[in-house]
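An overview of the molecular structure
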Amino acid sequence: MLKDSDEPLWDGCTNHSKLSAIAQVFTIKSDHGLSEAGYDKIIEWARSILLEGNMLKENFYIAKSTMKPLDLEY
């Protein structure tokens, strides 16, 4: 988990880590009542415009399993 908090979203990215990106999209999902399918569509779109090799998790299920050890509500 600590590694994900330090690992940039892509090589050279200085403003987002893998963990911060997941947390921000979870916040958007929660604030706007998005379904898991809605979350997955946003991630699919975001991954298509981010640099190749980005570390954004592919879908809600994978992102949720990454956040689970933190024991935080989203």
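Residues numbered from 1 in each chain as written. Predicted model: local features only at pLDDT ≥ 70, side-chain atom pairs only at ≥ 80, totals over all residues. Heavy atoms only, no water.

Turning next to the pattern of salt bridges. According to the stated counting rule, one finds 2 salt bridges in the structure shown. Two residues, Glu 7 and Lys 18, come together in a salt bridge whose shortest N-O distance is 3.6 Å. Note that Glu 7 is positioned in the loop between α1 (2-6) and α2 (18-32) and Lys 18 in helix α2, a separation of 11 residues in sequence. Under the relative-accessibility criterion, Lys 18 is labelled buried at 11%. Here Glu 44 and Lys 41 are joined by a salt bridge, their closest N and O atoms 3.8 Å apart. With a gap of 3 residues between them, Glu 44 and Lys 41 both fall in helix α3 (residues 36-49), about one helical turn apart. For the pair Glu 44 and Lys 41, one class covers both residues: exposed. (Salt bridge = Lys/Arg side-chain N within 4 Å of Asp/Glu carboxyl O. Helix = DSSP H or I, 4+ residues; strand = E, 2+ residues; numbered from the N terminus. Buried < 20%, exposed > 50% of the residue type's maximum accessible area, 1.4 Å probe, protein only.)

Moving on, we get to the side chain of Glu 7. Given the relative accessible area of 19%, Glu 7 is considered buried. When neighbours within four sequence positions are excluded, Glu 7 is seen to be in contact with Ser 17, Lys 18 and Met 55. (Contact = heavy atoms within 4.5 Å.)

The end-to-end C-alpha distance of α2 is 22 Å, a good match for the 21 Å that 15 residues give at a rise of 1.5 Å each. Every buried residue belonging to α2 is among Lys 18, Leu 19, Ala 21, Ile 22, Val 25, Phe 26 and Lys 29, and all of these are buried. Taken around the axis of α2, the buried residues stretch over an arc of 160 degrees, which confines them to a single face. In α2, the exposed residues that point more than 90 degrees away from the buried face are Asp 31 and His 32. Residue Gly 33 follows α2 closely and has a positive phi angle near 60 degrees. (Expected span 1.5 Å × (residues − 1). Arc of directions from axis to C-beta.)

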